[in-house]
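Each chain is listed here by its residues.
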Amino acid sequence: MPAMARSLATRALNEPSLSLLNVLRRIGTTRPQPQPVRAFSALMSPPSTAVVYEQHGPPDSVVRMVELPPAEVKENDVCVRMLAAPINPSDINRIEGVYPIRPPVPAVGGHEGVGEVYSVGSAVKGFSPGDRVIPSPPTSGTWQTYVVKEQGVWHKVDKDCPIEYAATIIVNPLTALLMLEDIITLNSGDSVVQNGATSIVGQCVVQLAHLRGIRTINIIRDRAGSDDAKEMLKKLGADEVFTESQLNVKNVKSLLTDLPEPALGFNCVGGNSASLVLKFLRQGGTMVTYGGMAKKPVTVSTSAFIFKELSLRGFFLHNWLGSDKATECNKMIDYLLSLAKEEKLRYKMELVPFNNFNVALDKALGKLGSQPKQVITF
């Protein structure tokens, strides 16, 4: 036995970690054994193009488009090729760091959208490649070409519904529906009052109320194009539309003709506009605040609280979605999508290719004047 072989054999006896088989391989007295073949190969998503931000700040300064490597699709995951995703005010607030619910940075932007199933993990049931899905409840990271999330995140939707409505159906339309149905009991013939009526939530309130026989009193800002805004809301089913300056009268209720005093009001502006909503409410009425576009506080007179017994409350969609109502939520989403498909629920949007994201962001930030909802298409 050559010296090297004797040395290795001696080591094998003294070092259990050095097996005899390995000794034999090294001295050439046995054939090399084939390496085992991996029994499992991880399923991966394609590489993804994404809009990300690594710190909070002005969106037009901190976001950038990057290429992300493939992500593993685990056994309970669904990989979705995104088709469309909106730029919502709450998305902007998350990037700015002022929204109460936001992902840790670095993060991919976007919170709702619609996509098509690209691949599924080995344990996934109920989803197949080609299915159209939305995240329900909304989830962070929709501003990218491929999203990998656990199967419980996704809800299958009708392919016949236009993608821009599927992409935007939760944050705004669902808010409108829930405020109409969950705050107080409203019957046909009742009325509601709202400010911010030209917003998507406001437009949805008008249409959903009209379908239920509920009358709407709508308040809009004084600005160029207000006559066109009035006409648009009337076509959607609004009963009365006033600019804020038209309500500078002693008794705003004198402006109502055959409408009953509203029991419910919606405020997304704050400041003086919220006070105008309160003036319309009947005895014991309720005002719900779901936004604060004017960034001014809601104020109410002591006499209104005491003598009119008004109630003020807030509405935050995230809290409702987090209250273990997934099945009920998805039924409402399907209902809203059916209305959109039948053109009974509509609102103006602009579809923008993903590679023009910066232009869409500038419009969403108001840099180019009043613009429709910006919806990115992938």
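Residues numbered from 1 in each chain as written. Predicted model: local features only at pLDDT ≥ 70, side-chain atom pairs only at ≥ 80, totals over all residues. Heavy atoms only, no water.

*Asks:* Quick question: what am I supposed to make of unusual backbone geometry here?
*Replies:* Glycine aside, residues mostly have negative phi, and peptide bonds are mostly found in the trans state. For the peptide bond that leads from valine 105 to proline 106, omega is 0°, which places it in the cis range. The step from serine 136 to proline 137 runs through a cis peptide bond, and the omega angle for that step is 0°. The topology assignment puts proline 137 in the loop between strand S6 (132–135) and strand S7 (146–150). The phi torsion at lysine 295 lies on the positive side, around 55°, for a residue other than glycine. (Helix = DSSP H or I, 4+ residues; strand = E, 2+ residues; numbered from the N terminus.)

*Asks:* Can you walk me through the sheet that holds strand S10 (residues 215–220) in this structure?
*Replies:* Within the open sheet, the 6 strands sit side by side as S11-S10-S9-S12-S13-S14. Their pairing is parallel. Two strands close off the open sheet at either side, each with one partner strand: strand S11 (240–243) and strand S14 (311–314). Here the strands of the sheet are splayed against their neighbours by 20° on average, with no regard to which way each runs. With 4 bridges connecting them, strand S9 (residues 191–194) and S10 associate as parallel partners. Looking across to S10, one finds that serine 191 is bridged to arginine 215. (Pairing = 2+ DSSP bridges. Axes fitted to C-alpha atoms, helices over the stretch in contact; angles between N-to-C directions.)

*Asks:* What exactly am I supposed to notice about helix H13 (residues 357–364) here?
*Replies:* Each α-helix winds once per 3.6 residues, and so residues spaced three or four apart point in a common direction. Along H13, the positions that sit buried rather than exposed are Phe357, Ala360, Leu361 and Lys363. Seen along its axis, H13 keeps its buried residues to an arc of 160°; they face one direction. One or two residues past the end of H13 sits glycine 366, with phi positive at roughly 85°. (Buried < 20%, exposed > 50% of the residue type's maximum accessible area, 1.4 Å probe, protein only. Arc of directions from axis to C-beta.)

*Asks:* Quick question: what am I supposed to make of the packing of helix H7 (residues 200–211) against helix H8 (residues 226–236) here?
*Replies:* Here H7 crosses H8 at 35°, and the two axes come no closer than 9 Å. Of H8, the residues touching H7 (which contributes Gln203, Val206 and Gln207) are Met232, Leu233 and Leu236. For the contact of H7 with H8, the residue count by class is 4 nonpolar, 2 polar and no charged. (Contact = heavy atoms within 4.5 Å. Nonpolar A, V, L, I, M, F, W, Y, C, P; charged D, E, K, R; others polar.)

These results come straight from atomic positions and should not be treated as a statement about function.
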